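The residues making up each chain are set out below.
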Amino acid sequence: MPMTILLAEDEGAIAETVLYALRAEGYAAEHVLLGGEVLPRLRRGGIDLVILDVGLPDTSGFDVCRALRIESEVPVLFLTARDAELDRVLGLELGGDDYMAKPFSPRELVARVRARLRRQVVHDDTAGWRRLGRFELDATGHRLRFDGVLLDLTRYEFGLLEALLARPGAVLDRARLMDRVWGDALESGERTVDTHVKTVRAKLRAIAPDADPIRTVRGLGYAVHVEG
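Cut-offs applied
- Residues numbered from 1 in each chain as written.
- Predicted model: local features only at pLDDT ≥ 70, side-chain atom pairs only at ≥ 80, totals over all residues.
- Heavy atoms only, no water.
- Helix = DSSP H or I, 4+ residues; strand = E, 2+ residues; numbered from the N terminus.
- Polar contact = N/O pair within 3.5 Å; in protein donor to acceptor, adjacent residues only side chain to side chain.
- Contact = heavy atoms within 4.5 Å.
- Buried < 20%, exposed > 50% of the residue type's maximum accessible area, 1.4 Å probe, protein only.

1. Some points on the side chain of Asp 147
And step 1. If you trace the backbone, Asp 147 turns up in the loop between strand S8 (143-146) and strand S9 (149-150).
And step 2. A distance of 2.7 Å separates a polar atom in the side chain of Asp 147 from a polar atom in the side chain of Arg 134.
And step 3. In this structure Asp 147 touches Leu 42, Arg 43, Arg 44, Gly 45, Arg 134, Ile 207 and Ala 208, once residues within four positions along its chain are discounted.

2. Quick notes on the environment of Phe 135
And step 1. Among the secondary structure elements, Phe 135 is positioned in strand S7 (residues 135-138).
And step 2. Under the relative-accessibility criterion, Phe 135 is labelled buried at 0%.
And step 3. Spatially, the C-alpha atoms of Phe 135 and Val 149 are 9.2 Å apart, while their sequence positions differ by 14 residues.
And step 4. In this structure, Phe 135 is in contact with Arg 130, Leu 144, Arg 145, Phe 146, Leu 161, Leu 165, Leu 204, Pro 213, Val 224, His 225 and Val 226, ignoring residues within four places of it in sequence.

3. Notes on unusual backbone geometry
And step 1. Cis peptide bonds are those with omega within 30 degrees of zero, and the linkage from Lys 102 to Pro 103 qualifies with -5°.
And step 2. Following the sequence through the fold, Pro 103 ends up in the loop between strand S5 (98-101) and helix H5 (106-127).
And step 3. Its identity is not glycine, yet Asp 147 carries a phi of approximately 55°, on the positive side.
And step 4. The buried category is assigned to Asp 147, whose relative accessible area is 9%.

Here it is in structure tokens:
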């Protein structure tokens, strides 16, 4: 599956040139005109890098990046009509990964995208991330991402998801989940599992409102689906 680049650019000629260059190199490329469209698209998942025009009609690309960084670690490359050092520094301090001033060479842009994505893959492998459909798991670092967004999980919420992701599609009963996640926490009962499933579902839906990867199997337990 090709990596997907999201371009936020309101100048039609520039957008067409960039999209053509990216697709010619084998990337999937999507285009939005407004900064306000970036985060909703990012939350649906599947975006590997964002190209942000600084001068968008509804908001600054810098403001978009600031909001984006609260939720996601996806690489960001800025496009701008200005090449002032202050702008470059500001963009990088806000969490941008690269910066190109207009006019620019589409070939150079694609080269920078390729280099940034290559570094991202190396970083993720080094950090121990493992992709499971819409989930990414770093078991060593006790971190989970859903649709590219880092989940803010308690110890037991992480343990619950980790246990379900260890056997995608398999139904795990409450007793097995209690034993694996809560261990010798004697004060906890099996209803604790239901409570934590509810809170985890709420956190997943906050990222993707249509998402419900945890399936309840009445009388048996829970299973997680990682595809779709």
